[in-house]
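Next come the chains, spelled out residue by residue.
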Number of protein chains: 2
Amino acid sequence: MSEPHFAAVDWGTSRLRIWLMSHDGTKLAERRSDEGMAKLTQAGYESVLEGHLDAMGAPEVLPVVVCGMAGSRQGWQEARYLTIPASLNDIVSRAVQVTGTRRDIRILPGLAQRDQARPDVMRGEETQLLGGLTESEPIGLACLPGTHSKWARFTNGHISGFSSHMTGELFGLLATQSILRHAVGAGGDFDPANADFVDAVRESFHHAAEMPRMLFSLRASQLLFDRSQIDCYARLSGLLIGGEIAGAELEFGTSDTVHLIASGKLAGLYQSAFAALDKTIHMVDADQAVVAGLVIAARRFWPIADQQAHFGTMKA
Amino acid sequence: MSEPHFAAVDWGTSRLRIWLMSHDGTKLAERRSDEGMAKLTQAGYESVLEGHLDAMGAPEVLPVVVCGMAGSRQGWQEARYLTIPASLNDIVSRAVQVTGTRRDIRILPGLAQRDQARPDVMRGEETQLLGGLTESEPIGLACLPGTHSKWARFTNGHISGFSSHMTGELFGLLATQSILRHAVGAGGDFDPANADFVDAVRESFHHAAEMPRMLFSLRASQLLFDRSQIDCYARLSGLLIGGEIAGAELEFGTSDTVHLIASGKLAGLYQSAFAALDKTIHMVDADQAVVAGLVIAARRFWPIADQQAHFGTMKA
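Definitions and cut-offs
Residues numbered from 1 in each chain as written. Chains lettered and ligands numbered in written order. Predicted model: local features only at pLDDT ≥ 70, side-chain atom pairs only at ≥ 80, totals over all residues. Heavy atoms only, no water. Core = buried A, V, L, I, M, F, W, Y, C linked by side-chain atoms within 4.5 Å. Buried < 20%, exposed > 50% of the residue type's maximum accessible area, 1.4 Å probe, protein only. Contact = heavy atoms within 4.5 Å. Helix = DSSP H or I, 4+ residues; strand = E, 2+ residues; numbered from the N terminus. Expected span 1.5 Å × (residues − 1). Bend = angle between axes of the 7 residues up to and from the residue. Salt bridge = Lys/Arg side-chain N within 4 Å of Asp/Glu carboxyl O. Least-squares fit on C-alpha atoms with pLDDT ≥ 70 in both. Domains from an automatic or database assignment. Pairing = 2+ DSSP bridges. Right-handed = clockwise from strand over helix to strand, strands pointing away. Axes fitted to C-alpha atoms, helices over the stretch in contact; angles between N-to-C directions. Buried area = accessible area lost by both parts, 1.4 Å probe. Polar contact = N/O pair within 3.5 Å; in protein donor to acceptor, adjacent residues only side chain to side chain.

### Focus on the nonpolar core
Counting residues in each nonpolar core, the largest one holds 100 residues, and the members touching the most others are A:L236 and B:L236. When sequence neighbours within four positions are dropped, the list of residues in contact with B:L236 reads B:F171, B:L174, B:A175, B:L180, B:V184, B:L215 and B:L218.

### As for helix α7 (residues 211–225) of chain A
All names here are of chain A. Taking 1.5 Å per residue, 15 residues should reach 21 Å; α7 reaches 20 Å between its end C-alpha atoms and fits that length. In α7, a bend of some 30 degrees at R219 exceeds every other bend along the element. Within α7, 13 of the 15 residues are buried, leaving the element largely enclosed by the surrounding structure.

### Thoughts on the pattern of salt bridges
On inspection of all chains with the given rule, the structure shows 36 salt bridges over all chains. The residue B:R17 makes a salt bridge to B:D10 at a minimum N-O spacing of 2.9 Å. Grouping residues by exposure puts B:R17 and B:D10 together as buried. Notably, a salt bridge pairs B:R102 with B:E50, separated by 3.1 Å at the nearest N-O pair. Of this pair, B:R102 sits in the loop between β7 (96–97) and β8 (105–107) while B:E50 sits in helix α1 (residues 44–55), placing them 52 residues apart in sequence. Among the residues examined, B:E50 registers a relative accessible area of 15% and is labelled buried. When salt bridges with common partners are traced through the structure, they connect A:E50, A:E60, A:R102 and A:R103 into a single cluster.

### Observations regarding the relation of the copies chain A and chain B
Each copy superposes on the other: chain A lies on chain B with an RMSD of 0.0 Å after a rotation of 180 degrees and an axial shift of 0.0 Å. Both chain copies can therefore be described as sitting about a two-fold axis. For chain A, the minimum C-alpha distance to the rotation axis belongs to A:A209 and amounts to 2.1 Å. The overlap is high: 100% of the interface residues of chain A also sit at the interface in chain B, so the same surface is used on both sides.

### A look at the domain arrangement of chain A
Each assigned domain of chain A is listed here: domain 1 (4–133 + 292–315) and domain 2 (167–278). Inter-centroid distance (C-alpha atoms) of domain 1 of chain A to domain 2 of chain A is 32 Å.

### Overview of the pairing of strand β14 (residues 257–262) of chain B
All names here are of chain B. Within β14, five of the six residues are buried, which leaves the element mostly enclosed by the surrounding structure. As defined by bridge partners, β14 adjoins strand β15 (residues 280–285) across six bridges and the pair is classed as parallel. Residue pairing for β15: I261 is matched across the bridge by V284. Chirality of the crossover, the property in question, places the unit of β14, helix α9 (residues 264–276) and β15 among those that are right-handed.

### Describing the sheet that holds strand β5 (residues 82–83) of chain A
Across the sheet, three strands lie side by side as β5-β9-β10 (chain A); this open sheet has mixed pairing. Strand pairing shows two members of the sheet lacking a second neighbour, β5 and β10 (120–122) of chain A, which therefore form its edges. The strands touched by helix α7 (residues 211–225) of chain B within the sheet are β9 (111–113) and β10 of chain A, with β10(A) carrying the most contacts at an inclination of about 85 degrees.

### Topic: the interface of chain A and chain B
At the junction of the two partners, chain A supplies 43 residues and chain B supplies 43 residues. Of the roughly 3900 Å² buried between chain A and chain B, counting both surfaces, carbon and sulfur atoms make up 70%. Summed over the three residues of chain A that lose the most area to chain B, namely A:R213, A:F216 and A:L224, the buried surface amounts to 18% of that side. Summed over the shared surface of chain A and chain B, the result is four salt bridges. With its nearest N and O atoms 3.2 Å apart, the salt bridge here joins A:E251 to B:R213. Across the chain A-chain B interface, the total number found is four residue pairs in polar contact (both at pLDDT 80 or more). If you list the elements that add at least two residues to the side of chain A that touches chain B, you get β9, β10, β13 (158–165), α4 (167–177), α7 and α8 (229–252) of chain A. Of all the elements, α7(A) adds the most residues to the side of chain A that touches chain B, at 11 residues.

What follows is the structure, given as structure tokens:
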């Protein structure tokens, strides 16, 4: 394979992904592991990272750029939150270099909204925004679904506001720990076009303040009408996602186009949800976006003059 | 003590309460236990009940009236839901007698709202409504806070609609199982007049559709502003209760007076919440209401002509 130029790392609470990247922005190798922050102590990060780099045959001097929870106070080394409003480019300039390691390792900071009325934080998603949005986009709204979904308003590469919604975590708790577990059973895959999902998105979006009441009705509908577990499961998902979209619109106003930065199953569900609400989206793959963001950072940290044109093609 | 006339039993999912009642509606003895439905199989109910009655010195022929989850399909013997709209008096006439027991044991049914658009069920709260509302009340709204809070609209002793809100269960899950557990810590008692609680009730009530977003801000406010855990705990409670009240008002409309049927800490919190929203309540003690409802039923099952006047004083 061609010689790697740097390693890119997305180090979250529950998982770790590492890519060896060539100077032209090509992924040369990839490893995934469940060695997220939740499983590590501060002392463990370097050996975990070195173990993976070694297994991937990375040169000893290869520099590394990291985003995600590894930069939190409870992580490897704190990369203090960048306060918004902020330019996405500032994320790169405010990176911290890990001390006491033989390699050059930089961790990108998260973003903080230091507003007493609506405090919020993100770590990791800022790198998806950096890689997933084009600077020429004048004004827009981005939706990044997940355990704690993020919504961000941006203007010409600046983030002016954002909020977090506990959609994914609520779904997991309600489906497995609450009385609704009897209604949804073990769950399972359902088609994003599932009518129960789509109807629930619409109901919840249009009556968001009543969403909490709609949750218990899942249990009741099973007791009274023998509704199937998979339909209840789809409906639970739809209620939470519809409520999230309604809440974000109330906060940020409607947007002509929402930039949906998502991957895998969540991408399909949110695409279906936005379609059910007749909303236009611009789809951005979240996995590609995080790598693109790390590439933008690496290009600034370790520039190779004649490769800029190549890196530039990453965002196309 | 005077001779008991019957035993009254509130048998819920997690707890069991038994009272020996005199013919004039006086509590002669009381026992509480955690032998709720969740811990029992169908075969276990009779021996648990007999054990407690024996320990209380109840005569072998004493009849027993039961409300709550013991009447569910997974309970002792099913007392099928009474479909609303229904008169509270119908709860008594639709009671079922447990078969195969030496005593006369009657179980009161729950209520079902068999509406495909808003299915709902209750078991146990119908007996609190029976005992806690006066028949002369022309029209009103009752709030019964709990793990699954119930709101019911009534007119002259008829229930025309109700809904369940998972407020208590959500609070427990979020405070102990979610990321918010870091923000609220072990929680603890707080004054119902706590400013964080009251402010959160108002914010959530007036912006109920944004309540899910406000939840994550608890975590962020602790990270960014070092907000204390007990304040976050009070705020979490206020957000959920304010959202519940907003949702109920959207469903049932505003009411001049809400009949708050509650006991203990929840009574204090909901009283404070309603006061923060400038809403008038009529307070009814939930523990007294459930006993009063069981007394009304017992009076119909096992009448003593000359005692009616005495029982009548229970509701004053």
